[in-house]
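One letter stands for each residue in the lines below.
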Amino acid sequence: MMERRRMDVALLVLFLVQLTTALEVPLDLLEGLPQPPTITHQSPKDYIIDPRENIIIHCEAKGKPHPSFSWTRNGTHFDIDEDPNVTMKPHSGTMVVDISRAKAEHYESVYQCTSRNKHGTAVSNNIVVQQSRSPLWSKEKLKAMVVQEGVSMVLPCRPPAGLPPPIIFWMDNNFQKLPQSSRVSQSLNGDLYFSNVLREDSRNDYICYARFPYTQTIQQKQPISVKVLNKEPADERKPTFLIPSGPSSSKMVLRGQVLEMECIAEGLPTPEVSWIKVSGDLPAKRTFFLHYQKTLRIVNVSESDAGDYRCTARNRLGSVHHTIKVNVKAAPYWISGAPRNLVLAPGESGVLTCRASGTPKPLVTWAMNGIPIENSPKDLSRKVEDDTIIFTDVQTGSSAVFQCNVSNDYGYLLSNAFVNVLSETPRVLTPSNKVYQVIKNHPALIDCASFGSPIPKITWFKDSRASTLDGDPYIVHDNGTLEIHVAQARNSGKYTCVARNTLGNYENHVYLEVKEPTRILKQPEYKVVQRGRSVVFECKVKHDPSLIPTMTWLKDDGELPDDERLIVDSDSLAISDVTENDAGVYTCIMNTTLDHDSASAELTVVEATPTPAVVYERPDPPTDLELTDQKKRSVQLTWTPGDEHNSPIQKFLIQFEDSLHHRGHWHNLTEVPGSKTTAHLKLSPYMHYTFRVLALNAVNLSRPSFPSRMFKTEPAAPDENPTGVQGLGTEHDNLVISWKPLTGLQSNGPGLHYRVMWRQKLVDSDWTTVTVANNSKFVVSGTPTFVPYELRVQAVNEQGAAAEPQTAIGFSGEDLPVAAPENVQAMLLNSTLAKVHWEPVPARSIRGHLKGYRVYYWRDRSLHKHNPHHAEKQILTFSGNHTHGMLPGLHPFSLYSFNVRLYNGKGEGPPSPTQQFETPEGVPGPPTSLLVTNPNLDSLTLEWSPPHDRNGHITGYTLKYQPVNDSNELGPLEELALPANETSVTVFSLKYSTRYKFYLNAITVSGAGPAISQEAVTIMDEAQPASPFKNISSSFVEDGTLISWEYWGPEKNVYVEYIVKNSEGEEEWQKELVNGSQNVTLKGLKGGLSYRVRLVAQGHHDQPLHHSEELVVSVPAVASRQVDIATQGWFIGLMCAIALLILILLIICFIQRNKGGKYPVKEKEDAHTDPEFQPMKDDDCTFGEYSDNEDHKPLKGSRTPSNGTVKRDDSDDSLVDYGDGGDGQFNEDGSFIGQYSGKSASRETAEGHESSEAPSPINAMNSLNSFV
């Protein structure tokens, strides 16, 4: 019984998955839709931080409304406001810790981010924050190691434990990498192993280095001294393992990680190590051997990598084995991806699946909005089945975010997935009027991305919308995309996609343009040209005239040389004065925005000598075509190849012409290799064949051969029957049987016709048979209405009939339904939504394919007013065999009428009896108007009109008001309850000269409706209202006088008035509107006059004007225009005289020069020579081995910021490969700190005379260039 129940649950889950898969949509593309929070970015679970930089813990989320954020620290609420070092980025949950005033270790904790809005709560992973550590090496005195030649030796490294662990490498005192081989190698833990030592291993500078990547430092161990003695060399011996010990060991690795195993052996001579997998083969693409075969590495480990691995060490004296048993465990991992968000309509069902695996099997727990689901409020529509939550008949308001946690001993997975319950009319996301362009004979994909809840059904129409596009050549995909597998010119036009669901429909129009393909009609040909001659490559192209083509030429798949000898024309490339460098392959490419075509040809350049060059041309056409071994459906064709023209023939192409059916059209039949001259051809019956052969070599195809003699095949009965057989009625009493006729090649003989057979499917009757000439349909009249028929169509010619045809099912014509739905009832869900139920119409009364039901409903009148409301009927269509539907958008407190009708492919049936229902009262609309009158020192009178949409009986009004100060800050809110029969009220006890904001809303039994608001100001005293203007000033700008002020009044109509000071009484004030700003430039003020300026604020027609204090503005007079000196006669005469004198001086100088005289300037040039214009000596340009420029540059691969820290760099030529940079300086404890900087020339000179025992950091870094 339990097994049966599990099977039922599995089937239900599978069914629900199929129902809800299509609702996965990008909600962030749709404005205004509510959405629970979704975490979009978060820091990693194990978050290692740099202790020198601020801590940034990321938490970003989206949702509508935008979510708020909070954090927990070590499982308890973390109040960010209480910690002055912690801030949160605006509109984000990302937390920033300023460590300039605190230590990073104080914030090492486990953090979790929570994102919430009114629709749900999402949580992040547990983020474990740890600072990176690079501890110093413990000080120790190392004794020199003295060993006999030939024995094994291990130099321990034992680096300090860091976070993350350091990278180990060995170097000498000169920072040169110690050579490693099959005899000497580094183990995975950093120790240096010698299988046997030699005399040359003696040295006193074996130094182990540890690189800590986060802190950019390199730590150095004290040097180890090794002395090898050769007094009593060790004897030769067979191998033994240094590591691992014993005959076997075991190792555990997690799925997806890297498995590394090592076997290091000692022996003399040096042993060689090999690996095998005892229980199978090593994974070839994931297996790597390192450290001279001593280390076996398998990346991306899977469960199949578990088993026994054997390493063998062997020399000529023997071998030794070690077996490592590998166990593969697995932290939890998703089987089919993390749970996906669900969008469901009210009343629909869905499923959340959290399917994961691991070793050991992980435990699955669920939470809702961050609370364990067992502690969440009970919901009958939700059922938890292990790793699945099943939702049935969800309701509005049940949106939430569910957390799935999958964990075992090796890790966990945490995923958020929301269930969003929406009721949305369809919307098409594809831009309207989008133009799709596609090349002829290519596939065309036209998008109709849509959203709606319930999920919309997509229907496509073309141009006149005569019928839906749901058959050949159209394919409608599940996501709404319309595909045309092979687009033709007739497919161009306007396409309409309609998205429908139970709440409405949405249309979107797009356009398809099918373009002609781009084709190269004349390709460039192979050329052999003598040096110095010219050559032309032609490339003639045909393309669609509406597309803009671009011709590009390439040489050897690269750009053409920038040489004026190469001239590119619209359809050719010309090269003049050809040289040897011009030889190569030239390619012409014709590009359009949709496609391209290309062709290539080779240019060979030869010397201009009498010796004829080898000419490569396309082959001559084959000759002597003969037909032998003639049979009913085959023949053998033989031919003689033509001249190859120095290029071997690669293949032969055989073509045929059928002069009986397609005279003048040649078709490709088959291809044979160039080494053959005979082909056995399979033929079709009732054809008049003529054959020809073309040869292909590396240059091109040959011309076609002369045709062979005609070979006629005998007629035969058809090999196949028509396809696409279907039956449907165009009238209620007929049946139209149609099919796809055979082509001439398929007929196999003359006299093709069709044998059409039909009979009723559910009645035991004989087949009715008729013979139809070469047509594609037959009409059967006098059939019963909408009856299933079995159909067959068989091909027949004069030679006989094809095989027995397959049976298809069709239906005779439909008629209008004859019955209406019964037991129609309406159930009110709220004041704007009703649910209509009905019983389905019996099948015998449908008389056609059931398309669905339509509910006609209309509003008769409001229950508040007894006059009828002549509203248009509204129609809701429910496709399929539904028995209920929702009527949304109803008016509260109204009387509605409705009926239900069935419709099929023919049309609608009769309506059900019209019924009525009354919607309950709803909240009212806002009052129609709100006016403020009679402002006094401490009171205001408000008058209003009742709401236009009462939606019930008004039971009263609520008036709220509060003061507003000059900075628009709101004061305490007061509230008054008013009876329903009042339309005015006087509010007392107000402060004088104060602006107030009033809110008024109406109330029914269903609650309060939206409020209408108004602002007003109490007056300052009985005589003069308070002015809302202050700080009025004036200034003069380039284009007028700028008047500025501050305004705090409620009136929107503000303007400036000005008048000339001391003007006569009949002159009027001039007005200048300000359009909501608090400054205006008056351009009409005349210079030299003084003006009186004031500001005016105008409220309602029955309210007094508010004037500011008057401001007197004196406009400065404009200075008189200065005389332009350039236009004066005396100035022009003076300039002409100066020009004449200069001309006379030039003539005199010219005469003196011709007489041989020298200028003083020339004499000076001859007498003096600049001693600085001497060539620089080579000695002055010599800077030794290192120049000053080099000394001042940072070391390649490192950089030193101003704060003294060193950031990562990607150089391959420095200690960065081990330590990401450093300054090359040793601390007292031997550490090697990664903060490199260049030295000045003086410092290097001074240090050059010091002891050479301490190596130079600059030289040290240069010596690391080859260590990667």
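How each quantity is defined
Residues numbered from 1 in each chain as written. Predicted model: local features only at pLDDT ≥ 70, side-chain atom pairs only at ≥ 80, totals over all residues. Heavy atoms only, no water. Pairing = 2+ DSSP bridges. Helix = DSSP H or I, 4+ residues; strand = E, 2+ residues; numbered from the N terminus. Axes fitted to C-alpha atoms, helices over the stretch in contact; angles between N-to-C directions. Salt bridge = Lys/Arg side-chain N within 4 Å of Asp/Glu carboxyl O. Buried < 20%, exposed > 50% of the residue type's maximum accessible area, 1.4 Å probe, protein only. Core = buried A, V, L, I, M, F, W, Y, C linked by side-chain atoms within 4.5 Å. Contact = heavy atoms within 4.5 Å. Disulfide = S-S within 2.5 Å.

K.L.:
Before we go on, may I ask you to explain the sheet that holds strand E68 (residues 777-781) in this structure?
P.N.:
As a general point, the strands of a sheet are linked pairwise by backbone hydrogen bonds and lie either parallel or antiparallel. Taken in spatial order, the three strands of this open sheet run E64-E65-E68, and their pairing is antiparallel. Strands at the two margins of the open sheet, each flanked by one partner only, are strand E64 (723-728) and E68. This sheet shows a mean twist of 10° between the axes of neighbouring strands, independent of strand direction. As judged from the five bridges shared by strand E65 (residues 734-740) and E68, these two strands associate in the antiparallel manner. Bridge assignment links Ile-737 to a residue of E68, and that residue is Phe-778.

K.L.:
Would you take a moment to explain the pattern of salt bridges for this structure?
P.N.:
When charged atoms on two side chains of opposite charge get close, those side chains can pair. All told, the structure shown has 34 salt bridges when counted by the stated rule. The partner of Asp-172 in a salt bridge is Arg-203, and the shortest N-O contact between them spans 3.3 Å. Of this pair, Asp-172 sits in the loop between strand E14 (167-171) and strand E15 (184-186) while Arg-203 sits in strand E17 (residues 203-212); the two residues are 31 residues apart in sequence, bridging distant segments of the chain. Its salt-bridge partner being Asp-556, residue Lys-555 comes within 3.3 Å of it at the nearest N-O pair. Owing to a relative accessible area of 13%, Lys-555 belongs among the buried residues under this scheme. The network of salt bridges with common partners includes Asp-172, Arg-203 and Asp-205.

K.L.:
I'm lost on the environment of Ile-589 in this one. Help?
P.N.:
As for its placement among the helices and strands, Ile-589 is situated in strand E55 (residues 584-591). Along the chain, Ile-589 and Cys-539 lie 50 residues apart, while their C-alpha atoms are 9.0 Å from each other.

K.L.:
Would you mind showing me how to read the nonpolar core here?
P.N.:
Ile-55, Ile-57, Trp-71, Met-95, Tyr-111 and Val-129 are the most contacted members of the largest nonpolar core, which has 25 residues in total. Contributing elements (two or more residues each) for this core: strand E2 (46-49), strand E3 (55-57), strand E4 (59-64), strand E5 (68-73), strand E8 (95-97), strand E9 (110-117) and strand E11 (127-131). If we ignore the near neighbours within four places in the chain, the residues touching Val-129 are Tyr-47, Ile-49, Ile-55, Ile-57, Tyr-107, Glu-108, Ser-109 and Tyr-111.

K.L.:
How do you make sense of the state of the cysteines when you look at a structure like this?
P.N.:
On inspection of all chains with the given rule, the structure shows six disulfides. Sulfur-sulfur distance for the disulfide between Cys-157 and Cys-208 comes to 2.0 Å. Taking the sign of the S-S torsion, -65° for the link of Cys-157 and Cys-208, the bridge is left-handed. Of this pair, Cys-157 sits in the loop between strand E13 (153-155) and E14 while Cys-208 sits in strand E17; the two residues are 51 residues apart in sequence, bridging distant segments of the chain. Assessed through its relative accessible area of 0%, Cys-157 is described here as buried. Classification of Cys-208 by relative accessible area gives buried; the value is 1%. Here Cys-354 pairs with Cys-404 through a disulfide, and the sulfurs are 1.6 Å apart. Between Cys-354 and Cys-404, the S-S dihedral sits near -55°, and the bridge is therefore left-handed.

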